[in-house]
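What the coordinates show
Each chain is listed here by its residues.
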Amino acid sequence: MPEQPRAALGATGTLRLPARVHFGYGVRAQLPEVVRVHGRRVLAVLDPFLTRTPYLPDTVGALTSAGLDVRVYSDITPELPVDTLDAAATVAREYGADVILAIGGGSALDAAKLIALLSTHGGPLNRYYGENLVPGPVVPVVAVPTTAGTGSEVTPVAVVTDPARELKVGVSSPFLVPAAAVVDPELTLGSPATVTAYSGIDALVHAAESYTAREFELDWSAALPVFTGRNALIEPIALRAARHLGPWLKVAVREPANRRARHEVAMGSLLGGIAFGSTGTHLCHALQYPIGALTKTPHGLGTGLMLPYVLDAISAEDGIAERVAAIGAALDGIPVTRSSPGRTVARVAELIRAIGVPATLAEIGVTREQLPQIADLALKSARLIAIAPIEPTRERLLDILNRARHGVLTDRRVA
Ligand SMILES: NC(=O)c1ccc[n+]([C@@H]2O[C@H](COP(=O)([O-])OP(=O)(O)OC[C@H]3O[C@@H](n4cnc5c(N)ncnc54)[C@H](O)[C@@H]3O)[C@@H](O)[C@H]2O)c1
Ligand SMILES: [Fe+2]
C-alpha cells in the first residue's frame, strides 16, 4: 500500500482506563458489587477525614453485609511522604488483601495505588520512580475520590514526597490504573473551600495540558510510553472537562453545599483525569514541582497559578493558538469563532482569581533569585517537558516564570 501522509490518515489514540467507571449521586451504593468481583478480603485505605463522618461505618457496614472481610487503614498524610507507605504495605500483605478499596482525596488514592504496588512486588518504592518500571499487575484498587480534581481514580500515576529527592516524584505505569472508579459527588460536599479550589483548578490544568500536548509518532510495534502525548480519543473528553468546570468551579468554591456545582466539578475532574491519564501533562506540572517544594504550597495552587502564563506562552506556537482558543470556547460554551487565545488566557486568569488562587509567584513568596533554580529543576522532569507543545528551553521557562512572578500576560497585567 502506498504510504500516505500522516495528516490524511488522522491521529491515533489510546485509552487505558479502569474496567468500570461509575459516576453520579448515589453510585457509591454499587461499592459492595464492584469490590467483591475481586475477592473477599478488603483493605480499606481511607482518608483520615472519613473517620469523623458516617461514611466510614456506612461503607464498612455495607461491605460486611455483603459477606466481605474488611480491614481499615487510615494513616494517610497529605502530599504523601514516602515513609508512611511501607507500614501500610506490610498490613496489606500480612492480611492477604484481595482488593484495596481507596476512599479519599488524591493523597489517599495515590497511597492506595502505591500500597498495592509495594504489597505485590515489594519495595523500596524508589525502584519504581519514573515510567514503566512496575513489573506487572498489582492488587486491584477500587478508587473512590472525595475531592474533585486529581483524577487519580482513573490515572496510571501516583505521586509521593521523598525526603531523599528535591522534588515530588511519580510512579507511572498502566498497572497503576485502578480496576474500578466510583465517583459520587456526594462525597465531595464537605470538602473545604481551599481544597475545592486547588483540586478543581488542577482538573482544568489537566484538561488544558492534555488538549495542548505535543503529538508524537509512536512506535506501535514496541512497548508504549505511559503518556502518549496528543491523542485523538481524548480530545473531545478534554474539552468536555473544561465545559463542566468553566461555569461551575467558582460556584462550588463559594457554595460548598451546591449539589449541581459539585456534580459538574466532579464530572470535570473525572474527564480531566481520563484525558491526562492518556496524554500526560506538561509545563504547569513541570514548573509546579519545584515551586511546590520551595514554597510548600499545594499541587493545584501551583499548577493553577501557572496556567494563564503557560497558555499565554504556548499560544505563540503555530497550531497551538487555535487549541488555546478552543479551551476558552469550551469554558464558556461559545463557538470557537468567538474565542481567541488572548480571551482564553484572560478568562482563565479571571477564574483563578475568583476561586482564590494567587495570581503571581511573588504572592507566594518566590524571589527573582529562585527563578533559575526553578527552571533548572523543571527541566529535569523529562517526561513532562517532552509533552510540552513548545521547545521548552531554559530561556523560555525563565521568561514564563518572570511573567508569572510579576503578573504579566501578553495582552494585559493581572496584578
Ligand atoms: N495520581 C494522580 O493522577 C494525581 C493527579 C494530581 C494530583 N495528585 C496528587 O494528589 C494530591 C492532592 O490531592 P487532593 O487535592 O485531592 O488533596 P489531599 O488528598 O491531599 O487532601 C487534602 C485535605 O483534604 C481532606 N479531604 C479530602 N476530602 C475531603 C472531604 N470530602 N471533606 C473534608 N476534607 C477532605 C484530606 O483529609 C486532606 O486533609 C497531591 O499529592 C498530588 O500530587 C495525583
Ligand atoms: Fe495535577
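Residues numbered from 1 in each chain as written. Chains lettered and ligands numbered in written order. Predicted model: local features only at pLDDT ≥ 70, side-chain atom pairs only at ≥ 80, totals over all residues. Heavy atoms only, no water.

1. Description of the site of ligand 1
Selection rule: A cutoff of 4 Å decides nearness: a residue is near a molecule or strand if any of its heavy atoms lies inside that distance of it. Pairing of N or O atoms within 3.5 Å defines a polar contact, subject to two protein rules: one partner must be a possible hydrogen donor and the other a possible acceptor, and residues neighboring in sequence count only if both atoms are side-chain atoms. For the accessible areas, the method is Shrake-Rupley and the probe is 1.4 Å, while residue cover comes only from the protein chains on display. Here a cavity means grid points, on a 1 Å grid over the protein atoms only, where a 1.4 Å probe fits yet cannot get out; a pocket means an open set of points with protein on both sides within 12 Å along at least five of seven lines; lining residues are those with an atom within 4 Å of a point. Assignment of a molecule to a cavity or pocket requires that more than half of its atoms lie within 2 Å of the corresponding grid points. Only runs of H or I of at least four residues qualify as helices and only runs of E of at least two qualify as strands under DSSP, and these elements are numbered from the N terminus. Under the scheme applied here, ten amino acids are nonpolar (Ala, Val, Leu, Ile, Met, Phe, Trp, Tyr, Cys and Pro), four are charged (Asp, Glu, Lys and Arg), and all others, including Gly, are polar.
Looking at ligand 1, there are 27 residues lining it, with D47, G106, S107, T147 and T155 nearest. Between ligand 1 and the protein, one listed contact pairs an oxygen atom with a side-chain N or O atom of T147 at 2.6 Å. Taking 870 Å² as the accessible area of ligand 1 by itself, protein coverage stands at 87%. According to the grid-proximity analysis, the pocket containing ligand 1 is the largest pocket. Mapped by element, the contributors of at least two residues to the shell around ligand 1 are helix 5 (106-121), strand 7 (157-160) and helix 6 (193-211). Within the shell around ligand 1, the residues separate by chemical class into eight nonpolar, 13 polar and six charged.

2. Let's talk about the packing of aromatic side chains
Basically, it comes down to this: Planes of paired rings set the category: under 30 degrees apart is stacked, over 60 is edge-to-face and the rest tilted, where pairs are Phe, Tyr or Trp rings (Trp by its six-membered ring) whose centres lie within 6.5 Å. Whether a charge lies above a ring is judged from NZ of Lys or CZ of Arg, which has to be within 6 Å of the ring centre and within 35 degrees of the ring normal.
Evaluation of the coordinates by the stated rule reveals zero aromatic pairs. Over the ring of Y25 we find R259, and its NZ or CZ is 4.2 Å from the ring centre. Note that R323 overlies the ring of Y211, its terminal NZ or CZ placed 4.6 Å from the centroid.

3. Some remarks on the packing of helix 10 (residues 299-314) against helix 12 (residues 341-354)
Quick reminder of the rule: Here, axes are lines fitted to C-alpha atoms. For helices the fit covers the stretch in contact, and angles between N-to-C directions go from 0 to 180 degrees. An angle below 35 degrees is read as roughly parallel, one above 145 as roughly antiparallel, one from 65 to 115 as roughly perpendicular, and any other as oblique. In what follows, a contact means two residues having at least one pair of non-hydrogen atoms within 4.5 Å.
Viewed as axis vectors pointing N to C, helix 10 and helix 12 meet at an angle of 170°, and their least axial separation amounts to 9 Å. Considered as vectors, helix 10 and helix 12 are oriented roughly antiparallel to each other. On helix 12, the residues that touch G304, L305, L307, P308, L311 and D312 of helix 10 are T344, V345, V348, A349 and I352.

4. A closer look at the environment of F49
The condition is simple: Each residue's exposure class comes from its accessible area (1.4 Å probe, protein chains only) as a fraction of the maximum for that residue type: buried when under 20%, exposed when over 50%, partly exposed otherwise.
Tracing the backbone shows F49 in the loop between strand 2 (41-46) and helix 3 (55-65). Relative accessible area serves as the criterion here: at 25%, F49 is assigned to the partly exposed category. Residues F49 and S74 lie 25 residues apart in sequence; the distance between their C-alpha atoms is 8.9 Å.

5. Things to note about the sheet that holds strand 3 (residues 69-73)
For clarity, the threshold we go by: By the convention used here, strands pair only if DSSP detects at least 2 bridges between them.
On the basis of which strands lie adjacent, the open sheet formed by six strands has the order 1-9-6-4-2-3 and parallel pairing. Each having just a single partner strand, strand 1 (20-23) and strand 3 make up the two edges of the open sheet. If you compare each strand with its neighbour and ignore which way they point, the axes differ by 15° on average. Note that strand 4 (residues 99-104) and strand 6 (residues 141-145) share five bridges and pair parallel. Considered in strand 6, the bridge of I100 is made with V141. The strands that helix 4 (residues 85-95) touches are strand 2 and strand 3; relative to strand 3, the one it contacts most, it runs at about 170°. In this fold helix 8 (residues 259-279) packs onto strand 1 and strand 9 (180-183), with an angle of close to 160° to the strand it touches most, strand 1.

6. Considering unusual backbone geometry
Backbone geometry follows two general trends: most residues other than glycine have a negative phi, and most peptide bonds adopt the trans configuration. A cis amide bond links G123 with the next residue in sequence, P124, at an omega value of -5°. Note that P124 resides in the loop between helix 5 and strand 5 (130-131). Backbone geometry at N132 places phi at a positive 60°, although glycine is not the residue there. Looking at where N132 falls in the secondary structure, it is placed in the loop between strand 5 and strand 6. When its relative accessible area of 35% is taken as the criterion, N132 is described as partly exposed. The residue K296 is not glycine, and still its phi comes out positive at about 55°.

Take it as geometry only, folks, not as evidence of what the structure does.
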